[in-house]
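So the chains spell out like this:
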Amino acid sequence: MAKTKTVFACTECGAQEPKWVGRCSSCGSWSTLVEETVGGSGGSSVGSFNPAIGADTPMPMPDIDIDEWVPVPTGFEEIDRVLGGGLVPGSVTLLGGEPGVGKSTLLLQLTAHRCQNGSRSLYVSAEESKQQVRLRAERLGLLQQELWLVSSTSLPEIVHHIDSVKPELVIIDSIQTIFDPELGSAPGSVGQVRHCAHQLVMEAKARGIATVLVGHVTKDGGLAGPRVLEHIVDTVLEFDGDRNLDLRQLRAAKHRFGATNELGLFEMNNLGLQGVSDPSALFLADRAVGSAGSAVVATIDGHRPLLVEVQALADETAHPNPRRSAQGIDSGRLAVVLAVLGKHANQDFSKSDVYSLAVGGAKVIEPGADLGLALALASARMNRVVPDDVVVCGEVGLAGEIRRVAHLDRRLSEAARHGFKRALVPPGALPEPIEGFKVRSVSNLGEAIRLAFSL
Ligand code: TYD
Ligand code: MG
């Protein structure tokens, strides 16, 4: 075994320092350095070898066989949407999320779906006992003959199990609890997590097994942040949601086999995670009809149109620095919209605390929601109501102009489907007419506000 030495590794980015320092010189995070032993069999050699490539021979591009790189549907529609069709054999996916958000439940459901067509999966539970996982599977009606279960934290053991079970899909729950006894450092340390992930990536590539690694996103308890793994896996999925609400959102932060802008939506109930097939209906369910400070935005998330209610509250304050609060809305966009409202639409919020939110735990991240936010704010300030059959969309420019948004047709047909009758949209190409649905274009914020409250 090679000589070992002690270094300090950052749990956020994996950078190593010879001495302990308060702030990582590589990523700038504070108090993230932990002591580690490196060297031994898994020491520095991993960095020089990219297991995704391995030993290969160059060949002309059209001759490269891509058949084995076609995604295999998991059968769980919301996950397949995010992954652009399914899991690619031989690919490695990291599923990150806070403890308790539902990662184990999601993967149990995913594997059970996959096993329905007779393909074999191995679920390695490194946190819960086999019995616990079986009980949960039984409760959710997910007992499957081809879903193999093992409770283990040791990397060599896991590799042995993969060899003997020969699954098409392997789940490692979680990567932070797996360790290789050959390596000197403690389980959960950056070196262990990175080394074990590397070994599992090599196993996946060599055998063409789709592999999903669970990674807890937390700095507590000395666990290494999964960010150190992001560059060695093919896909990084982020699973989040407010634990007090039932809504969960799945997004790809990185995806080597497709787009990263699709959103998967789930509701957690006593039968596990259920895909949300009509998210607009969910977000509009408890809508505050007839009250000031609310506007419905026809937004788009990935390829999916989504209707979201944006609410705002403006409260006079004597404080020199009024509060600006944005939940589910980008705070930068809120600042821009407030400034433009003040400058170009005679709506002064400089002496008001402003609270804004996207209702129901929705996250509105595209600029097409600006106009809705602006109207909700103006509505709150003037105590005037935007009629409840009106939907809006448009980006607000710094000169107060309303700018075009992509996929106007799809946004408006979603609105019409949910019973809306009128829309305020940016000027320019008008969408295909929809029966019983009136579309008005507005060129600037002042005009939009005048129209919205006199419709
Ligand atoms: P879990 O999948 O264990 O989360 P993670 O692996 O991300 O830590 O899910 C934990 C939470 O999900 C738990 O607090 C209870 C809730 N839950 C349900 O509400 N319904 C269910 O059917 C299941 C299995 C879990
Ligand atoms: Mg878990």
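Thresholds, definitions, all that
- Residues numbered from 1 in each chain as written.
- Chains lettered and ligands numbered in written order.
- Predicted model: local features only at pLDDT ≥ 70, side-chain atom pairs only at ≥ 80, totals over all residues.
- Heavy atoms only, no water.
- Helix = DSSP H or I, 4+ residues; strand = E, 2+ residues; numbered from the N terminus.
- Contact = heavy atoms within 4.5 Å.
- Areas by Shrake-Rupley, 256 points an atom, 1.4 Å probe, with all protein chains shown as cover.
- Lys, Arg positive; Asp, Glu negative; His and termini not counted.
- Charge placed at Lys NZ, Arg CZ, Asp CG, Glu CD.
- Buried < 20%, exposed > 50% of the residue type's maximum accessible area, 1.4 Å probe, protein only.
- Polar contact = N/O pair within 3.5 Å; in protein donor to acceptor, adjacent residues only side chain to side chain.
- Salt bridge = Lys/Arg side-chain N within 4 Å of Asp/Glu carboxyl O.
- Near = heavy atom within 4 Å.
- Nonpolar A, V, L, I, M, F, W, Y, C, P; charged D, E, K, R; others polar.
- pLDDT = per-residue confidence, 0-100.
- Pairing = 2+ DSSP bridges.
- Axes fitted to C-alpha atoms, helices over the stretch in contact; angles between N-to-C directions.
- Domains from an automatic or database assignment.
- Parallel < 35°, antiparallel > 145°, perpendicular 65-115°, else oblique.
- Left-handed = near helix turned anticlockwise from the far one by under 90°.
- Right-handed = clockwise from strand over helix to strand, strands pointing away.

(A) Examining the overall build of the protein more closely. Tallying secondary structure elements over the protein gives ten helices and 21 strands in all. Projecting the C-alpha coordinates of the protein onto the three principal axes gives extents of approximately 80 × 55 × 50 Å. Partitioning the contacts of the protein with sequence separation of at least 6, the portion at a separation of at least 24 is 67%. Accessible surface, the protein: about 21200 Å² in total, of which carbon and sulfur atoms supply 50%. In the protein, 43 side chains carry a positive charge and 53 a negative one; their mean positions are 5 Å apart.

(B) Spatial organisation of helix 10 (residues 445–452). Within helix 10, six of the eight residues are buried, which leaves it mostly tucked inside the rest of the structure. Listing the buried residues of helix 10 in full gives Leu445, Gly446, Ala448, Ile449, Leu451 and Ala452. Buried residues belonging to helix 10 abut helix 7 (331–344), helix 8 (370–382), strand 18 (395–396), strand 19 (402–403), strand 20 (422–425) and strand 21 (438–441). The opening residue of helix 10, the one whose side-chain oxygen lies 3.1 Å from the backbone nitrogen of glycine 446, is asparagine 444.

(C) Structural detail: the pattern of salt bridges. The full count for this structure, using the stated rule, is 19 salt bridges. Note that arginine 207 and aspartate 163 form a salt bridge whose closest N and O atoms lie 2.3 Å from each other. On the criterion of sequence distance, the pair formed by arginine 207 in helix 5 (residues 190–207) and aspartate 163 in helix 4 (residues 155–165) is long-range, its members being 44 residues apart. In this structure arginine 207 comes out as partly exposed when scored by relative accessible area, which is 36%. Looking at aspartate 163, the relative accessible area reads 33%, which means it is partly exposed. With a shortest N-O distance of 3.5 Å, aspartate 278 and arginine 417 are connected by a salt bridge. Of this pair, aspartate 278 sits in the loop between strand 12 (272–275) and helix 6 (279–284) while arginine 417 sits in helix 9 (residues 408–417), and the two are 139 residues apart along the sequence. A cluster of three or more residues bridged by salt bridges with shared partners is formed by Glu78, Arg81 and Arg304.

(D) Highlighting the environment of glycine 100. When you line up the elements, glycine 100 lands in the loop between strand 4 (92–97) and helix 2 (103–115). The sequence separation of glycine 100 and glutamine 274 amounts to 174 residues, and the corresponding C-alpha distance is 16 Å.

(E) Spatial organisation of the site of ligand 1. Gly100, Lys103, Ser104, Thr105 and Asn269 are the nearest of the 16 residues found near ligand 1. The separation between an oxygen atom of ligand 1 and a polar main-chain atom of glycine 102 is 3.0 Å. With respect to ligand 1, the backbone of asparagine 269 contributes an N or O atom lying 2.8 Å from a nitrogen atom. Protein chains bury 72% of the 550 Å² of accessible surface belonging to ligand 1 in isolation. For the shell around ligand 1, the elements supplying multiple residues, two or more each, are helix 2, helix 3 (130–139) and strand 11 (263–269). Of all the elements, helix 2 adds the most residues to the shell around ligand 1, at three residues. Here the shell around ligand 1 is built from residues that sort into five nonpolar, seven polar and four charged.

(F) Local environment of the confidence of the model for the protein. Confidence in the prediction for the protein averages 88 pLDDT; 93% of positions are at 70 or higher. Between the elements of the protein, mean pLDDT differs from a low of 74, seen in strand 3 (residues 33–38), to a high of 97, seen in helix 8. Overall, residues 41–48 carries pLDDT values under 50, and its contacts beyond four positions in sequence, including any with other chains, amount to seven contacts.

(G) Spotlight on the sheet that holds strand 5 (residues 121–125). On the basis of which strands lie adjacent, the open sheet formed by nine strands has the order 6-5-7-8-4-9-10-11-12 and mixed pairing. Two strands lie at the open edges of the sheet, namely strand 6 (147–151) and strand 12, each paired on one side alone. For this sheet the average axis-to-axis angle between neighbouring strands, irrespective of direction, equals 25°. Both strand 5 and strand 6 contribute to a ladder of five bridges, which runs parallel. The residue of strand 6 that forms the bridge with leucine 122 is tryptophan 148. Docked against the sheet, helix 2 engages strand 4, strand 5, strand 6, strand 7 (169–173), strand 8 (210–216), strand 9 (235–240), strand 10 (247–255), strand 11 and strand 12, running at close to 160° with respect to strand 5. Together, strand 5 and strand 6 form the strand contacts of helix 3, whose direction differs from that of strand 6 by roughly 145°.

(H) View of the domain arrangement of the protein. Looking at the protein, the domain boundaries give domain 1 (1–41), domain 2 (72–275) and domain 3 (282–452). With centres defined by C-alpha atoms, the gap from domain 1 to domain 2 works out at 26 Å.

(I) The arrangement of the packing of helix 2 against helix 3 in detail. The interhelical angle for the contact between helix 2 and helix 3, taken along N-to-C directions, is 65°, at an axis separation of 11 Å. By the angle between their axes, helix 2 is roughly perpendicular relative to helix 3. Helix 2 and helix 3 meet at a crossing whose hand is right-handed. For the pair formed by helix 2 and helix 3, the contact residues are Ser104, Thr105 and Leu108 on the first element and Val133, Arg136 and Ala137 on the second.

(J) Broad picture of the pairing of strand 8. Most of strand 8 is tucked away: seven of the seven residues are buried. The alternating pattern of strand 8 places Ala210, Val212, Val214 and His216 and Thr211, Leu213 and Gly215 on opposite faces, both of which are buried. As paired elements, strand 4 and strand 8 share six bridges and run parallel to each other. Note that in strand 8 the partner of threonine 93 across the bridge is valine 212. Taken together, the four bridges between strand 7 and strand 8 define a ladder with parallel strand orientation. Note on strand 8: the bridge partner recorded for leucine 169 is alanine 210. Between the parallel pair strand 7 and strand 8, the chain is carried across by helix 5, and the sense of this crossover is right-handed.

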